[in-house]
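# Structural overview
Here is what each chain is made of, one letter per residue.
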Amino acid sequence: LTGNFIQVGPDGGRTEGQFYLQKPGKVRFEYNPPSPIDVVADGNSVVVRDRKLATQDLYPLSHVVQSMRKTQQTSLYLERLGPFFVGRAIWQSAI
């Protein structure tokens, strides 16, 4: 699945790009210039690439989820959702 996205920042600034979604849990966001950023997730980790600086930062997905939960916007959203599970099942009963 591919598509275009528009990200609106807190100051109202807009950044556009393309996303690519592949099962299971793989996603890539490529931001249009002038942004040099790509974000890639493989279900276990998130990589933030800076094309201009030729750098990349690797974060475990669990770290990203915990960091997101600390923001007011995300915490209010999660509170409205109620209890749920975020992660990967390592073992599942046949029942």
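A brief report on the enclosed structure follows. Since the structure is predicted, the reported quantities are computational estimates derived from the model, not experimental observations.

## Examining the packing of aromatic side chains
For the structure shown, the criterion picks out three aromatic pairs. Considering the side-chain rings of Phe19 and Phe29, the 6.4 Å spacing of their centres and the 40° angle between planes classify their relative orientation as tilted. Of the two residues, Phe19 is situated in strand β2 (residues 14-22) and Phe29 in strand β3 (residues 26-31); the sequence distance between them amounts to ten residues. Phe19 gets classed as partly exposed once you look at its relative accessible area, which sits at 21%. Judged by relative accessible area, Phe29 falls into the partly exposed class, the value being 30%.

## Describing the side chain of Ser45
The topology assignment puts Ser45 in strand β5 (residues 45-50). Apart from residues no more than four positions distant in its own chain, Ser45 is found in contact with Val40, Leu58, Tyr59, Pro60 and Leu61.

## Section: the pattern of salt bridges
One pass over the full model with this rule turns up two salt bridges. The salt bridge involving Glu30 is made with Arg28; its shortest N-O contact spans 2.8 Å. Classification of Glu30 by relative accessible area gives partly exposed; the value is 23%. For Arg28, a relative accessible area of 31% translates into the label partly exposed. Residue Asp38 pairs with Arg51 through a salt bridge whose shortest N-O separation is 2.4 Å. Taken together, the residues span a long stretch of sequence, with Asp38 in strand β4 (residues 37-41) and Arg51 in the loop between β5 and β6 (55-60) at a distance of 13 residues. Taking relative accessible area as the criterion, Asp38 reaches 10% and is therefore assigned buried.

## Brief notes about unusual backbone geometry
With an omega of 15°, the peptide bond between Pro33 and Pro34 qualifies as cis. Its location among the elements puts Pro34 in the loop between β3 and β4. Positive phi outside glycine occurs at Ala54, with the angle close to 55°. Structurally, Ala54 is set in the loop between β5 and β6.

So, how was this worked out
Residues numbered from 1 in each chain as written. Predicted model: local features only at pLDDT ≥ 70, side-chain atom pairs only at ≥ 80, totals over all residues. Heavy atoms only, no water. Phe/Tyr/Trp six-rings, centres within 6.5 Å; stacked < 30°, edge-to-face > 60°. Helix = DSSP H or I, 4+ residues; strand = E, 2+ residues; numbered from the N terminus. Buried < 20%, exposed > 50% of the residue type's maximum accessible area, 1.4 Å probe, protein only. Contact = heavy atoms within 4.5 Å. Salt bridge = Lys/Arg side-chain N within 4 Å of Asp/Glu carboxyl O.

None of the figures reported here should be taken as evidence of function without further support.
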